[in-house]
Amino acid sequence: MPVSHATSPRLSDLGQRARLPAVAKLMAKAIETPGLLSIAAGMTDNSTLPVAEFVAAAQALAARPGDPEYLQYGTTQGRPKLRRLLADRLKFWEPTMAGLDLDPRFLVTTGSQQALYIAVQSLCNPGDIVLVDRPSYFAFLDIATSLGARPVSLPYDAEGRLQVPALEELLGQLKRSGEVGRVKAVYLVSYFSNPSGRSLNEADKAALGRTLAAHDVIVPLLEDVAYRELYFDTPHPSRSGLTLPEWEAFPRMYFATLTKPFSTGAKVGYAYCTDGKWLAQMLAIKGTHDFGSSNYSQALFEEILGRGGFETHVPKVRRGYKLKMQALHEGLVEGGLPDLGWTWDIPTGGMYLWLRAPEGCDTGMDGDFCRACVQSGVLYVPGDLCFGDRPENNWIRASYGVLAPDQLREAGRRLAAVAQRFAR
Ligand SMILES: Cc1ncc(COP(=O)(O)O)c(C=O)c1O
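Thresholds applied
- Residues numbered from 1 in each chain as written.
- Predicted model: local features only at pLDDT ≥ 70, side-chain atom pairs only at ≥ 80, totals over all residues.
- Pairing = 2+ DSSP bridges.
- Helix = DSSP H or I, 4+ residues; strand = E, 2+ residues; numbered from the N terminus.
- Near = placed C-beta within 6 Å.
- Nonpolar A, V, L, I, M, F, W, Y, C, P; charged D, E, K, R; others polar.
- Expected span 1.5 Å × (residues − 1).
- Buried ≥ 20, exposed ≤ 12 C-beta atoms within 10 Å, placed from the backbone.
- Arc of directions from axis to C-beta.
- Contact = placed C-beta atoms within 7 Å.
- Right-handed = clockwise from strand over helix to strand, strands pointing away.
- Domains from an automatic or database assignment.
- Core = buried A, V, L, I, M, F, W, Y, C linked by C-beta atoms within 7 Å.
- Axes fitted to C-alpha atoms, helices over the stretch in contact; angles between N-to-C directions.

1. Concerning the sheet that holds strand β12 (residues 395-399)
- With respect to topology, three strands assemble into an open sheet ordered β9-β12-β11, the strand pairing being antiparallel. Of all strands in the sheet, those with a lone pairing partner are β9 (352-356) and β11 (381-382), marking the two edges.
- The sheet contact formed by β11 and β12 spans two bridges and is antiparallel. From the neighbouring strand, P382 faces β12, where its bridge partner is I396.

Here it is, written out as structure tokens:
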């Protein structure tokens, strides 16, 4: 880097608070280390990326008579036809919304990550609280903390069931400490979650809404369904908070994406909002970000969704992830990990195994275990990054998104071999 003699600028509070996400360090490690098998990144499977669907869509756009408007700026909210097609998808998932005119309440974004960022920006001041899953999606936790908000974990038991008495206790504590008014949102990754692979069952989702309402904590629900499409055999049966009566009184935003189930590189995500005023403010913020996400990517998706290319492709992706999950699981089992006291659920969708190491095995990024794994050629996401508060350092998020099945099996064996050494 060239030497600069100029003084550095005085940064804003946000400029000072922001930290390069810890995973960026992991990605750099993966690139620097030849032969490393990375089960860290939540990237998708190159072998099932929909090349033919994109080629057909690009050709169809090029063959359209008239101006190539798709290569021009679009609108901040997103292309009207795409919003209509996305509204149809939402109606497929939530059939009771079938008669509603939904597309005016859609916002198309640069991945759902941008929608999540703008949502938190539109709701939270520094010091505000967001209630989150335990564990939660670490890049959302990074958004909240970089904007000065404080993630506070909802209470779940070891099976991922919501603990209503503990939730009552938490809300009571927040009231007694005078902080309950600082709770500005609830964030759930409710289907095949990143990192836990779990889905929130409908009774628990309903109980959460009911309990919050009983305590007058009527704050926006941010429901992130990034992996809802990525079930292996059958969709998860829970309805979204959009259609559960227990959430009716709450403003709700439903965050979905065309990246994880289809193409991460096209980076099109979207949000549906139940509240017109909130959406208008989100649009105003997005306008200052970029006055609209890639018009071309959106036009491609109009073609792809319009011709049924999404529907025909996604089943292949689902089958691929199921096989890859099994390969990683088998590698871990063959390496003897369960005999060492490690536990995990077998997910029924999504892209992650969430591995619990025995107490005392520190899987943190700067610890000996993580270093030994990198030396042995396997990289994972340390689970402590996935806790909004009171981090636990004996978890690993293992992604089967990128690697091929034989590599995943090998990555599992390498991880288990390190665990064998540390168990002695
Ligand atoms: C739970 C969850 N939500 C949102 C995102 C953001 O994805 P994208 O911006 O590609 O839509 C991710 C990406 O990993 C995720 O895991």
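2. A short note on the site of the ligand
- Around the ligand there are 13 residues in total, and G111, S112, Q113, T257 and T259 lie nearest to it.
- The element that contributes the greatest number of residues to the shell around the ligand is helix α5 (residues 111-123), accounting for three residues.
- Along the lines of polarity and charge, the residues of the shell around the ligand split into three nonpolar, nine polar and one charged.

3. Some thoughts on helix α9 (residues 276-290)
- Taking 1.5 Å per residue as the helical rise, α9 with its 15 residues ought to reach 21 Å, and the 21 Å between its terminal C-alpha atoms agrees with that figure.
- Three or more residues of α9 are buried, namely L279, M282 and K286. Burial along α9 is one-sided: seen end-on, the buried residues are contained in an arc of 60°. Summarising the geometry of α9, the exposed residues directed more than 90 degrees from the buried face are K277, A280, A284 and T288.
- Buried positions along α9 lie against β2 (106-110), α5 and β8 (268-273).
- One or two positions beyond α9, positive phi appears at F291, with a value near 40°.

4. Concerning the pairing of strand β5 (residues 183-189)
- For β5, the buried fraction is high: six of the seven residues fall into the buried class.
- Pairing of strand β3 (residues 129-132) with β5 involves four bridges; the strand directions are parallel. Directly across from V132, in β5, lies its bridge partner Y187.
- Of the pairings in the sheet, the one linking β5 to strand β6 (residues 221-224) comprises four bridges and is parallel in character. Looking at β6, one finds that V189 is bridged to D224.
- This β-α-β element, β5 to helix α8 (residues 202-214) to β6, shows right-handed connectivity.

5. Focus on the domain arrangement of the protein chain
- Per the domain assignment, the segments making up the protein chain are domain 1 (16-48 + 312-423) and domain 2 (53-307).
- Using C-alpha coordinates to define each centre, domain 1 is positioned 25 Å away from domain 2.
- Taken residue by residue, the interface counts 29 residues in domain 1 and 32 residues in domain 2.
- Among the secondary structure elements, those contributing two or more residues to the side of domain 1 that touches domain 2 are α11 (309-334) and β9.
- In terms of residue count, the dominant contributor to the side of domain 1 that touches domain 2 is α11 (six residues).
- Within the side of domain 1 that touches domain 2, the residues separate by chemical class into 15 nonpolar, eight polar and six charged.

6. Notes on the nonpolar core
- Formed by 117 residues in total, the largest nonpolar core has its most connected members in I39, V120, L328 and Y380.
- Residue-level mapping places this core at the junction of two domains, with at least three residues from each of domain 1 (16-48 + 312-423) and domain 2 (53-307).
- Ignoring anything within four residues of it in the chain, the contact list for Y380 reads I39, A40, C373, I396, R397, A398 and L415.

7. Structural notes on the sheet that holds strand β7 (residues 252-257)
- Reading across from one edge, β2-β8-β7-β6-β5-β3-β4 is the order of the seven strands in this open sheet, with mixed pairing throughout. The two strands at the open ends of the sheet, each matched to only one other strand, are β2 and β4 (150-153). Averaged over neighbouring strand pairs, the angle between their axes works out to 25° when direction is ignored.
- Both β3 and β4 contribute to a ladder of four bridges, which runs parallel. In the sheet register, V132 faces β4, and the bridge partner there is S153.

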